[in-house]
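Summary of structural features
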Amino acid sequence: MEHRVGYRKLQRTTAHRLAMLRNMVTSLIDHERITTTIPRAKEARRMAERVITLGKKGGLHNVRLASQTVKDRVLLQKLFGELKDRYAKRAGGYTRILRIGFRRGDATEMAILELVDRPAAAPAAEEGAEKKVEAKKE
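A brief report on the enclosed structure follows. (Residues numbered from 1 in each chain as written. Predicted model: local features only at pLDDT ≥ 70, side-chain atom pairs only at ≥ 80, totals over all residues. Heavy atoms only, no water.)

**A closer look at the layout of surface pockets**
Rules: A cavity here means a set of points on a 1 Å grid, drawn over the protein atoms and nothing else, where a 1.4 Å probe fits but cannot get out; a pocket is an open set with protein on both sides within 12 Å along at least five of seven lines, and a residue lines either one if it has an atom within 4 Å of a point. Grid points are joined across faces, edges and corners, and a volume is the space filled by probe spheres set on the points. Strands are runs of DSSP state E lasting at least 2 residues, helices are runs of H or I lasting at least 4, and numbering of each runs from the N terminus. Each residue is assigned to one of three groups, with Ala, Val, Leu, Ile, Met, Phe, Trp, Tyr, Cys and Pro labelled nonpolar, Asp, Glu, Lys and Arg labelled charged, and all others, Gly among them, labelled polar.
Of the pockets and cavities examined, the largest pocket occupies roughly 350 Å³. Together, 15 residues line the largest pocket, and Leu18, Leu21, Met47, Arg50 and Thr69 are the ones closest to its centre. Listing elements by their share of the lining of the largest pocket, those giving two or more residues are α1 (14–31) and α2 (38–57). Sort the elements by how many residues they give to the lining of the largest pocket and α2 lands first, with six residues. Its residues placed into classes, the lining of the largest pocket shows seven nonpolar, three polar and five charged.

See below:
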């Protein structure tokens, strides 16, 4: 049994693991959806939930705390602006993990880590598809 074990080590040194998780959280905030392994997704989710909660609280101190994880200023603005408004009424549970099967190379179980309540689809992609359909009709 694994009682009182605080986190997964993911077979990496501390510095490598923290850098990897910071990068994953940054990518999650940027793209709002990433594909990774199950254990990595579970650890990244923990960090992402904390950062989004800091974004909801607002304030200079929380900006500085969040900047320890998210190094990109543009993404910090997104975190303390767009995501703050999106999750204002939600009391936690900002992410979901969807299992997508096994990786072909080594049969590792893969997952999609995504933010909940994200916009359905990119409008630009839909417009491009509609233009192609109209062009074929003509």
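**A word on the environment of Val25**
The following threshold applies: In this description, contact between two residues means that some pair of their heavy atoms is separated by no more than 4.5 Å.
Tracing the backbone shows Val25 in helix α1. Placed 88 residues apart in sequence, Val25 and Leu113 show a C-alpha to C-alpha distance of 9.9 Å. In contact with Val25, not counting residues within four places along its chain, are Ala44, Met47, Ala48, Val51, Thr69 and Val70.

**Considering the sheet that holds strand β3 (residues 109–115)**
In plain terms, the rule: Only strands joined by at least two bridges in the DSSP assignment are considered to pair. Every axis in this analysis is a line fitted to C-alpha atoms, fitted for helices over the stretch in contact. Angles between the N-to-C directions lie between 0 and 180 degrees.
Across the sheet, which stays open at both edges, the three strands sit in the order β1-β3-β2 with antiparallel pairing between neighbours. Strands with a single pairing partner mark the edges of an open sheet, and in this sheet they are β1 (33–37) and β2 (95–102). Put simply, the sheet's adjacent strands are angled 25° from each other on average, direction ignored. Its contacts with the sheet place α1 against β1, β2 and β3, and it is angled at close to 145° to β1. Packed onto the sheet, α2 meets β1, β2 and β3 and runs at close to 165° relative to β2.

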